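These are the residues of each chain, in order.
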Amino acid sequence: MAGTVPLHVPGPRTGASSPSTTESQAVKWVLISLAGLVLLWLIALPLIIVLVESLKRGLDVYWAALTDPDADSALKLTLLVAAITVPLNTVFGVMAAWAVTKFRFRGKGFLITLIDLPFAVSPVIGGLIFILVFGSHGWFGPWLSDHDIKIVFALPGIVLATLFITFPFVARELIPLMEEQGTQEEEAAITLGAHGWQIFWRVTLPNIKWGLLYGIILCNARAMGEFGAVSVVSGHIRGETNTLPLHVEILYNEYQFSASFAVASLLLLLALVTMIVKGLLVRKNAH
């Protein structure tokens, strides 16, 4: 158009670095260095100390602590609780995520709040809830006593407390993923004549499988390492209701430091296996 002055946009200059680019690089490396120092101080160093202290008195003491009957019982109970709670929370988490993301209904916000509740409530309070409900002086305590049913200070109470604490992990991993994917593929499957389970197995599940696996891994890691809620409902019965974290606490309180660090290193090994599996899944998903 006449009278219009063309704008000149300068191109990138070669051989010269932009001040903003130089500044961002400096800031980047400062932040990386600070993050590395924090991680080294708060995470790597304590883990190294656990390994060093566990082997401080030799392999014989280390192996004796791991093969102790109480440690063996604690390990079996920890794995049993995880084997029960993780599949249940997987089913509950998928159902909750599917309900929240695929349907519109009253009370959806309240349901999401309930899913997030274990993140906000202290694990000790979570355990206390089950004491107040199922304890000998709780709401159902007299009825349970009359029928010789033990919930607290027994395996069912530990499982319930762990279920409560670990419930959000699968659901919270799936909800953002399923919201991002939307409902178009499911709706297309319905128009082609697919039914509920067919839609889930052939459309929904393949789309969420990686998120589901991440949620399961995180849920399993928290189930094996849970302390607060389990400590309240377990009764600390040695060789019966002590999980690995509780057994570590008992050994430490009894000044058996090498044994406590040895059992703690076993928990560390389980955590490392969990993180390795998660890393392999992340790498496979990236490809």
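Treat the numbers as computed from the prediction; the structure is a model and nothing was measured.

K.L.:
Help me get a handle on the overall build of the protein, residues and values and all.
P.N.:
Each helix and strand counted, the protein has twelve helices and zero strands in total. Going from the N terminus to the C terminus, the protein shows its helices and strands as α-α-α-α-α-α-α-α-α-α-α-α. For 287 residues, the compact-globule formula gives about 19 Å, and the C-alpha radius of gyration of the protein, at 26 Å, lies well above that figure. Its C-alpha atoms put the protein at 95 × 60 × 30 Å along the principal axes. The 287 residues of the protein split such that 35% are buried. For the protein, long-range pairs separated by at least 24 residues make up 71% of all intrachain contacts whose partners lie at least 6 apart in sequence.

K.L.:
Outline empty space enclosed by the protein, listing residues and values.
P.N.:
The final tally for this structure, using the stated rule, is two cavities of 30 Å³ or more. Here the largest cavity defines a volume of roughly 50 Å³. As for the largest cavity, its lining consists of Thr78, Val81, Ile158, Thr162, Ala223, Met224, Glu226, Val230, Thr243 and Pro245. Of all elements in the fold, only α3 (69-102), α7 (155-181) and α9 (196-225) reach the threshold of two or more residues within the lining of the largest cavity. Its residues placed into classes, the lining of the largest cavity shows six nonpolar, three polar and one charged.

K.L.:
Describe the UniProt feature "transmembrane region" (unreviewed entry) in the protein, naming the residues involved and giving the relevant values.
P.N.:
Here, the residues flagged by UniProt with the feature "transmembrane region" (unreviewed entry) are residues 29-52, 77-98, 110-139, 151-171, 212-237 and 257-281. Helix makes up 100% of residues 77-98 and strand 0%, and the two end C-alpha atoms of the span are 32 Å apart. Counted over residues 110-139, helix gives 77% and strand 0%. Its end C-alpha atoms are 25 Å apart.

K.L.:
So what's going on with the nonpolar core? Residues and values would help.
P.N.:
Among the nonpolar cores identified, the biggest contains 19 residues, and Leu66, Leu244, Val248, Ala262 and Val263 are the most heavily contacted of them. Mapped by element, the contributors of at least two residues to this core are α2 (59-66), α3, α9, α11 (244-253) and α12 (257-286). Listed in part, the 18 residues of the second largest apolar core include Val86, Ala97, Phe167 and Met178.

K.L.:
Can you lay out the packing of aromatic side chains for me, pointing to particular residues and giving the numbers?
P.N.:
Inspection of every chain in the model, using the stated rule, returns eight aromatic pairs. Here the aromatic rings of Phe130 and Phe134 are separated by 6.4 Å at their centres, their planes lie at 10°, and the arrangement is stacked. Remark: Phe134 and Phe130 occur in helix α5 (residues 123-134); sequence separation between them is four residues, near one turn of the helix. Judged by centre distance (5.9 Å) and plane angle (90°), the ring pair of Tyr255 and Phe257 falls under edge-to-face. Judged by relative accessible area, Tyr255 falls into the exposed class, the value being 66%. The rings of Phe130, Phe134, Phe140 and Phe164 are connected pair by pair, giving a single aromatic cluster.

K.L.:
Residue-level account of the environment of Asn207, with values.
P.N.:
Summarising the element assignment, Asn207 is placed in helix α9. Taking the C-alpha atoms as reference points, Asn207 and Gln181, separated by 26 residues in sequence, lie 8.2 Å from one another.

K.L.:
I'd like to hear about a nonpolar patch on the surface, residue by residue, with values.
P.N.:
Taken together, Val38, Leu39, Trp41, Leu42, Ile43, Leu45, Leu47 and Ile49 make up a surface patch of nonpolar side chains, about 770 Å² in accessible area. Within the element layout of this structure, Leu45 appears in helix α1 (residues 19-54). By relative accessible area, Leu45 is classed as partly exposed at 32%.

K.L.:
How would you explain the environment of Met95 if you had to name every residue and give the values?
P.N.:
Position of Met95 among the secondary structure elements: in helix α3. Relative accessible area serves as the criterion here: at 53%, Met95 is assigned to the exposed category. Along the backbone, Met95 and Phe257 are 162 residues apart, and their C-alpha atoms lie at a distance of 44 Å.

K.L.:
Now, about the side chain of Ser234: what can you tell me, with residues and values included?
P.N.:
One can find Ser234 in helix α10 (residues 228-234). Classification of Ser234 as buried rests on a relative accessible area of 0%. Here His236 takes part through its backbone nitrogen, which lies 3.1 Å from a polar atom of the side chain of Ser234. Among residues more than four places away in sequence, those in contact with Ser234 are Phe153, Ile158, Thr241 and Leu246.

Procedures and definitions
Residues numbered from 1 in each chain as written. Predicted model: local features only at pLDDT ≥ 70, side-chain atom pairs only at ≥ 80, totals over all residues. Heavy atoms only, no water. Helix = DSSP H or I, 4+ residues; strand = E, 2+ residues; numbered from the N terminus. Rg over C-alpha atoms; globule rule 2.2 N^0.38 Å. Buried < 20%, exposed > 50% of the residue type's maximum accessible area, 1.4 Å probe, protein only. Contact = heavy atoms within 4.5 Å. 1 Å grid on protein atoms, 1.4 Å probe; cavity = no way out; pocket = protein on both sides within 12 Å on 5 of 7 lines; lining within 4 Å. Points joined across faces, edges and corners; volume = space filled by probe spheres on them. Nonpolar A, V, L, I, M, F, W, Y, C, P; charged D, E, K, R; others polar. UniProt positions renumbered as here; feature names shortened; annotations may be inferred. Core = buried A, V, L, I, M, F, W, Y, C linked by side-chain atoms within 4.5 Å. Phe/Tyr/Trp six-rings, centres within 6.5 Å; stacked < 30°, edge-to-face > 60°. Patch = residues over 30% accessible without salt bridge, like charges linked within 9 Å, V, L, I, M, F, W, Y side chains within 5 Å. Areas by Shrake-Rupley, 256 points an atom, 1.4 Å probe, with all protein chains shown as cover. Salt bridge = Lys/Arg side-chain N within 4 Å of Asp/Glu carboxyl O. Polar contact = N/O pair within 3.5 Å; in protein donor to acceptor, adjacent residues only side chain to side chain.

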